[in-house]
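# Residue-level structure breakdown
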Amino acid sequence: MITTNNLTKKYNDQTALDQLNLQVGKGEIYCLLGANGAGKTTTINLLLGFIEPTSGDALINDLNVSENSKETKKFLAYIPENLMLYPSLSAIENLDYFSGIAGKKLSKESLISFLIEAGLQEDAFEKRVSAFSKGMRQKVGIAIALAKDAKVLLLDEPTSGLDPKASNEFGQLLRKLSQKGVATLMATHDLFRAKEVATHIGIMKDGQLKDEFIANDISLLDLEQTYLSTMNYKEVVL
Ligand SMILES: Nc1ncnc2c1ncn2[C@@H]1O[C@H](COP(=O)(O)OP(=O)(O)OP(=O)(O)O)[C@@H](O)[C@H]1O
């Protein structure tokens, strides 16, 4: 569902992404870990068609993103760190608007059912999203993905700044989507959440995928040790 073949992005002489080969199948949740500047956002931006690769291919549902940008967007939902919604519109109105852009004209009952499924509290449905917490806005993002019937979900640090309860709820929602067969790629700094929610975990550094694991095969402690040694972390002795 999500595939990259030797995907490379260079900015002048700087290589942001270096021959990335990645595969995320139906129902899988792949968490990409890596320090600032590792190439996570570049990967997601290439899959979204926001930027063009220098070489290699990004594929969504076997379609090359560069050649089928409009078509691949139909399958996609994207939740960045700060989801852009219309602040003066309510949750229902935002959902109606964004699912409309995706070609879905839904009844109010359907819109409400997606907000319920995304876990938004019912007294917030008619409220302006300008008053929403980050966790609530992320739930509207999940509702948009559900309403769009997205097959692929791309997430860029969606849980950063969420409190542990909201982050846990968000993880559970991702699991729910994965049970529906959605393929998810999530860039994150949160090792704990990655271990909790992922089916697969990759560690990136300097634009390269350095390690890949099946999440169930590695303990949180081993994941942390591997991450730190990949980053050449030296313990500070005081
Ligand atoms: N538009 C650009 N022009 C030049 N260099 C860029 C551009 N966008 C990204 N880069 C560089 O590409 C590299 C990878 O950046 P990227 O944003 O993909 O990292 P990241 O893993 O998402 O980091 P973070 O965790 O901080 O979000 C970095 O060295 C960054 O400076």
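Definitions and limits used
Residues numbered from 1 in each chain as written. Predicted model: local features only at pLDDT ≥ 70, side-chain atom pairs only at ≥ 80, totals over all residues. Helix = DSSP H or I, 4+ residues; strand = E, 2+ residues; numbered from the N terminus. Rg over C-alpha atoms; globule rule 2.2 N^0.38 Å. Contact = placed C-beta atoms within 7 Å. UniProt positions renumbered as here; feature names shortened; annotations may be inferred. Buried ≥ 20, exposed ≤ 12 C-beta atoms within 10 Å, placed from the backbone. Arc of directions from axis to C-beta. Pairing = 2+ DSSP bridges.

## Some words on the overall build of the chain
Helix and strand content of the chain: eight helices and ten strands. Computed over the C-alpha atoms, the radius of gyration of the chain is 18 Å, within 12% of the 18 Å expected from 2.2 N^0.38 for a compact globule of 238 residues. Based on the C-alpha atoms only, the size of the chain along its principal axes is roughly 55 × 50 × 30 Å. Once local pairs closer than 6 in sequence are excluded, the contacts in the chain between residues at least 24 apart make up 68%.

## Quick notes on the UniProt feature "domain: ABC transporter" (unreviewed entry) in the chain
Summarizing the sequence annotation, UniProt attributes the feature "domain: ABC transporter" (unreviewed entry) to residues 2-231 in the numbering used throughout. This span, residues 2-231, is 37% helix and 27% strand, and a straight line between its end C-alpha atoms measures 26 Å.

## Re helix H3 (residues 91-101)
Considered for burial, the residues of H3 that qualify are Ala91, Ile92, Asn94, Leu95, Phe98 and Ser99. Down the axis of H3, the sector holding all buried residues measures 160 degrees, keeping them to one side. For H3, the exposed residues lying more than 90 degrees away from the buried face are Gly100 and Ile101. Just beyond H3, the residue with positive phi is Gly103, at close to 90 degrees.

## Considering the sheet that holds strand S2 (residues 14-24)
With respect to topology, four strands assemble into an open sheet ordered S2-S1-S4-S5, the strand pairing being antiparallel. If you trace the sheet from one side to the other, it starts and ends with S2 and strand S5 (63-64), each paired once. Sheet analysis places strand S1 (residues 2-11) next to strand S4 (residues 55-60), joined by five bridges and oriented antiparallel. Across the sheet, Thr4 pairs through a bridge with Ala58, a residue of S4.

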